[in-house]
Amino acid sequence: MDVLFKIMLIEDDATLFHEVKDRLETWSYEVQGVSDFSKVFQEYTLLSPDLVIIDIQLPKFDGFHWCRMIRTHSKVPIIFLS
């Protein structure tokens, strides 16, 4: 089955991250996480996802900060997961 869309899932809780990732992948979405929560925007630009799912409470900066950073360069859909 072909990948439909690339999704960037920004979640620091490993259990929740894997649960959401696994469910999305069953629908053939490519799901990527973040390896460094202080460089979310840099990782976003490298991935260039079709959708961002982001938690509000994150280490370093909160999800609202990263949403504002992404919005300065893109109109990608963003869903907050809280």
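Details of the structure are given in the entry above.
Only a predicted model underlies this, so the values are computations on that prediction, with no experimental measurement involved. The numbering scheme is per chain: residues are counted from 1 as the chain's sequence reads. Under the rules for a predicted model, residues below a pLDDT of 70 receive no local features and side-chain atom pairs below 80 are neither given nor counted, while totals for whole chains, interfaces and linings still include all residues. Only hydrogens and water are removed before side-chain values are computed, so all heavy atoms of the structure are retained for them.

**Here we look at the pairing of strand β4 (residues 78–81)**
Right, so step 1: Any two strands between which DSSP finds at least two bridges are classified as paired. Each helix is a run of H or I in the DSSP string that is no shorter than four residues. Each strand is a run of E no shorter than two, and both are numbered from the N terminus. Bridge count for strand β3 (residues 51–55) against β4 is 4 bridges, and the pairing is parallel. Along β4, the bridge assignment pairs Ile 54 with Phe 80.
Right, so step 2: With its strands directed away from the observer, a crossover is right-handed exactly when the path from the first strand over the helix to the second travels clockwise. You can see the chain leave β3, run along helix α3 (residues 63–71) and come back into β4, and the turn it takes is right-handed.

**Observations concerning the pattern of salt bridges**
Right, so step 1: A side-chain nitrogen of Lys or Arg and a carboxyl oxygen of Asp or Glu constitute a salt bridge if their distance falls within 4 Å. Following the criterion strictly, the structure yields 2 salt bridges and no others.
Right, so step 2: Notably, a salt bridge pairs Arg 23 with Glu 19, separated by 2.6 Å at the nearest N-O pair. Taken as a pair, Arg 23 and Glu 19 lie in helix α1 (residues 14–25) at a separation of 4 residues, close to a single helical turn.
Right, so step 3: When accessible area is computed with a 1.4 Å probe and restricted to protein chains, residues below 20% of their type maximum are described as buried, those above 50% as exposed, and intermediate ones as partly exposed. Residue Arg 23 is classed as exposed on the basis of its relative accessible area of 55%.
Right, so step 4: One salt bridge connects Lys 21 with Glu 25, and the closest N-O pair in it is separated by 2.6 Å. On the criterion of helical spacing, the pair formed by Lys 21 and Glu 25 is a turn pair, its members being 4 residues apart in helix α1.
Right, so step 5: Relative accessible area serves as the criterion here: at 34%, Glu 25 is assigned to the partly exposed category.

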